[in-house]
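# Notes for the structure review
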Amino acid sequence: VTWAGIVVVSLAAGALAMTAVRRSWHWLPILMPVSSALLLLTLQFGAFAGKRPEAVEQVAALIHANRFGGEPIGEYETFVRNLPFYTRLKQVPITDDSSAIAFLNSTERVFLVLNQRDFNRLQKMVGVTPHVIGQVTYWNTAGVRLRTLLLPEPEEDLDTVVVISNR
């Protein structure tokens, strides 16, 4: 699908270039929206489609594989809308460091899903040593900007999500 999309977008770009070279501007009102739609479809179903299982599905699988019963699952500003869908479990929203620390210092076993930067920071502040259940690194297409495509920096462009437990 990706290669077919690349060919179709290249043909559309060639048609636009020929329109400019020949100065056949009367084709432009038809050619421009068609080319734009082809580019959008190619990006959506090709470049941004991602691999399966998606990162959120991998995190949900980690939780299901390590959860024994009714342990609460906290999400610290990561996969806030998608994780409840894929786990089919209620999530506890964690909005700041103090609530994350209180959640991890709970007397019962809990799971917390957070990004790597927050994990590194919280690991130094929390009273218990969190157990890393697993982590998933992925390309967050919601954060793609022109700079991401022109000057990619994997350390900046890739996100890592960590699943931890207090026991």
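A quick note: this is a predicted structure, and the numbers were derived from the prediction, not measured.

## A short note on the layout of surface pockets
Its volume calculated, the second largest pocket comes out at about 240 Å³. What lines the second largest pocket is Glu77, Thr78, Phe79, Val80, Arg81, Asn82, Asn115, Arg117, Tyr138, Asn140, Asp159 and Val161. When the residues that make up the lining of the second largest pocket are grouped by side-chain class, the tally is four nonpolar, four polar and four charged.

## Looking at the sheet that holds strand S4 (residues 131-139)
The sheet built from five strands is open, its strands ordered S2-S1-S3-S5-S4 with mixed pairing. At either margin of the open sheet sits one strand with a lone partner, and together these are strand S2 (91-94) and S4. The sheet shows a mean angle of 20° between the axes of neighbouring strands, taken without regard to direction. One ladder, built from four bridges, connects strand S1 (residues 73-76) with S2; its direction is parallel. Bridge pairing in S2 places Tyr76 opposite Ile94. Its contacts with the sheet place helix H3 (residues 55-66) against S1, strand S3 (111-115), S4 and strand S5 (158-165), and it is angled at close to 165° to S4. The strands touched by helix H6 (residues 116-125) within the sheet are S1, S3, S4 and S5, with S3 carrying the most contacts at an inclination of about 120°.

Parameters and conventions
Residues numbered from 1 in each chain as written. Predicted model: local features only at pLDDT ≥ 70, side-chain atom pairs only at ≥ 80, totals over all residues. Heavy atoms only, no water. 1 Å grid on protein atoms, 1.4 Å probe; cavity = no way out; pocket = protein on both sides within 12 Å on 5 of 7 lines; lining within 4 Å. Points joined across faces, edges and corners; volume = space filled by probe spheres on them. Nonpolar A, V, L, I, M, F, W, Y, C, P; charged D, E, K, R; others polar. Pairing = 2+ DSSP bridges. Helix = DSSP H or I, 4+ residues; strand = E, 2+ residues; numbered from the N terminus. Axes fitted to C-alpha atoms, helices over the stretch in contact; angles between N-to-C directions. Contact = heavy atoms within 4.5 Å.

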